[in-house]
Amino acid sequence: MPRLPASRPLQLALAVLLIILAPIVGLLPGPGGVFVFAGGLILLLRNSRWARRNFAKGKRRWPKAGALVDRVLRRGSAQRRRAVEQDRLR
């Protein structure tokens, strides 16, 4: 489903709001703040070129952490790379 152009700024605003609210939610019992923060980062990564560019730089610098984030986000590019690597190993 294609994204509407007007939804991108709204999603970026929601991402910033979630990231700002994460420490407040973190004061409550339980791990809620972590999930709120992660949700904000996911929205930011999906809607911001700046965030994607910096994510790619970070993945080159710390490949193990980048692979973990790719797996958590279920990114299609990461799944394709893993399939190619598994085919090479066979």
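Residues numbered from 1 in each chain as written. Predicted model: local features only at pLDDT ≥ 70, side-chain atom pairs only at ≥ 80, totals over all residues. Heavy atoms only, no water.

(A) Spatial organisation of the overall build of the protein chain. A tally of helices and strands in the protein chain yields five helices and zero strands. For the protein chain, the spread of C-alpha atoms along the principal axes amounts to about 50 × 35 × 25 Å. Considering the protein chain as a whole, with its 90 residues, one finds that 18% of them fall into the buried category. Nonlocal contacts in the protein chain, meaning residues at least 24 apart in sequence, comprise 40% of its contacts between residues at least 6 apart. Accessible surface, the protein chain as shown: approximately 7,300 Å² in total, 67% of it carbon and sulfur. (Helix = DSSP H or I, 4+ residues; strand = E, 2+ residues; numbered from the N terminus. Buried < 20%, exposed > 50% of the residue type's maximum accessible area, 1.4 Å probe, protein only. Contact = heavy atoms within 4.5 Å. Areas by Shrake-Rupley, 256 points an atom, 1.4 Å probe, with all protein chains shown as cover.)

(B) Here's a closer look at the side chain of Ser48. By the secondary structure assignment, Ser48 is in the loop between α2 (32–47) and α3 (49–61). Residue classification places Ser48 among the buried residues on the basis of a relative accessible area of 11%.

(C) Structural context of the confidence of the model for the protein chain. Across the protein chain, the average pLDDT comes to 84, with 94% of residues at or above 70. Within the protein chain, helix α1 (residues 7–26) carries the highest mean pLDDT (90), whereas helix α5 (residues 76–89) carries the lowest (78). (pLDDT = per-residue confidence, 0-100.)

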